[in-house]
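As a plain string of letters, each chain reads:
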Amino acid sequence: MTDRAVCEGFIGMYADEQVILLLKFALTIGPIAFYFLAIGFLNAQPRPQVLTGRADFLLLAVVFFPIFLWALMPLAGVSWVVLGAAAFICAVGFYLALPRRQSSWVVYNVTEKQFQRAFARAVERVGLAGESQEPDRSGRPVWTLPALGLRIRISPFSMLQNVTCLFERLDGEAITANELSPLRRSLQDSLSATHTLPSASAACFLLIGTVMLSAPLLLMARHMDAIVKVVSSLFA
């Protein structure tokens, strides 16, 4: 083998390593960029947006997907039994961390005062007797709906411009969808009358997400031939 062939082989190997590193970077940064774009989109809407606690958790879980992926990568060389057991443990942990159904709502693009007014109107529309209590030990406002046997804790998060409603029954039983459906429809009707403008945080999130998503795409476009070669060799 000539020196030129050796040099070309070394350059090709180095290029392959760069491409693999670039693909790892794109896979890591992509979900985070998607999260920022989603949060920016929700906060840029003309009306507040209501998500279930589970939907909001799944949206946030996208950010941590690469972490779980890289945690499982060192196990790629072990047996399928060990790899399957590790994946099962991760799946069980994720399921246990998943919020219970009907346990919470997350309202985006709304301030605490706007939400409190909209929530008070929603309670009146469904004919429930509600009362606003003093803040709890953590400083969160608390609503009590005796007709439904519910206690609702309001937890604002100004950085993401959202408000979280945490539901709990006074008797400790599980909450059913039928109990919350009228209240949710009424709240959405009340929030539809709340006019909001795109906030500075929404613009920042959209800008951050766009930049984070564009960077790996631009780098991948410059090495498209090498990427196709590496991906083809992986599935050959």
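Residues numbered from 1 in each chain as written. Predicted model: local features only at pLDDT ≥ 70, side-chain atom pairs only at ≥ 80, totals over all residues. Heavy atoms only, no water.

1. Description of unusual backbone geometry
Phase 1 of the analysis: The backbone of Asn 109 shows a phi angle near 60°, a positive value even though the residue is not glycine.
Phase 2 of the analysis: Relative to the assigned elements, Asn 109 resides in the loop between strand 2 (104-108) and helix 4 (112-125).
Phase 3 of the analysis: For Gln 161, which is not a glycine, the phi torsion comes out positive at approximately 55°.
Phase 4 of the analysis: Positionally, Gln 161 belongs in the loop between strand 5 (150-157) and strand 6 (162-169).
Phase 5 of the analysis: For Gln 161, a relative accessible area of 16% corresponds to the buried category. (Helix = DSSP H or I, 4+ residues; strand = E, 2+ residues; numbered from the N terminus. Buried < 20%, exposed > 50% of the residue type's maximum accessible area, 1.4 Å probe, protein only.)

2. Let's talk about the pairing of strand 2
Every regular strand shows the same layout, with side chains that alternate between the two sheet faces.
Phase 1 of the analysis: A large share of strand 2 lies buried, amounting to five of its five residues.
Phase 2 of the analysis: Across the two faces of strand 2 the burial is the same, with Ser 104, Val 106 and Tyr 108 and Trp 105 and Val 107 all buried.
Phase 3 of the analysis: Relative to strand 2, strand 1 (residues 49-52) runs antiparallel, the two sharing four bridges. Bridge pairing links Gln 49 to Tyr 108 in strand 2.
Phase 4 of the analysis: In this sheet, strand 6 lies alongside strand 2 in antiparallel orientation, the contact comprising five bridges. Following the sheet pairing, Ser 104 is matched in strand 6 by Leu 166. (Pairing = 2+ DSSP bridges.)

3. Concerning the side chain of Asn 109
Phase 1 of the analysis: Overall, Asn 109 belongs to the buried group, its relative accessible area being 1%.
Phase 2 of the analysis: There is a polar contact of 2.6 Å between the side chain of Asn 109 and the backbone oxygen of Gln 45.
Phase 3 of the analysis: Beyond its immediate chain neighbours, meaning those up to four positions away, Asn 109 contacts Leu 42, Asn 43, Gln 45, Arg 47, Pro 48, Gln 161, Thr 196 and Leu 197. (Polar contact = N/O pair within 3.5 Å; in protein donor to acceptor, adjacent residues only side chain to side chain. Contact = heavy atoms within 4.5 Å.)

4. Here's the deal with the packing of aromatic side chains
The description of an aromatic ring pair rests on the distance of the ring centres and on the angle between the ring planes.
Phase 1 of the analysis: Scanning all chains against the criterion turns up five aromatic pairs.
Phase 2 of the analysis: Aromatic pair Tyr 35 and Phe 36: ring centres 6.2 Å apart, planes at 70°, arrangement edge-to-face.
Phase 3 of the analysis: Take Tyr 35: its relative accessible area is 12%, and that puts it in the buried class.
Phase 4 of the analysis: For the ring pair Phe 119 and Trp 143, a centre distance of 5.1 Å and an interplane angle of 70° mean the geometry is edge-to-face. Here Phe 119, found in helix 4, pairs with Trp 143, found in strand 4 (residues 142-145); they are 24 residues apart in sequence, far enough to count as distant. Accessibility classification places Phe 119 together with Trp 143 in one group, the buried group. (Phe/Tyr/Trp six-rings, centres within 6.5 Å; stacked < 30°, edge-to-face > 60°.)

5. Section: the pattern of salt bridges
Phase 1 of the analysis: Summed over all chains, the structure comprises two salt bridges.
Phase 2 of the analysis: Put simply, Glu 168 and Arg 151 hold a salt bridge, and the shortest N to O gap is 2.8 Å. Highlighted residues: Glu 168 in strand 6 and Arg 151 in strand 5, separated in sequence by 17 residues.
Phase 3 of the analysis: Take Glu 168: its relative accessible area is 29%, and that puts it in the partly exposed class.
Phase 4 of the analysis: Of the charged contacts in the structure, one is a salt bridge between Arg 153 and Glu 168, with a shortest N-O distance of 3.5 Å. Placement of the pair is Arg 153 in strand 5 and Glu 168 in strand 6, with a sequence separation of 15 residues. (Salt bridge = Lys/Arg side-chain N within 4 Å of Asp/Glu carboxyl O.)

These figures capture arrangement, not role.
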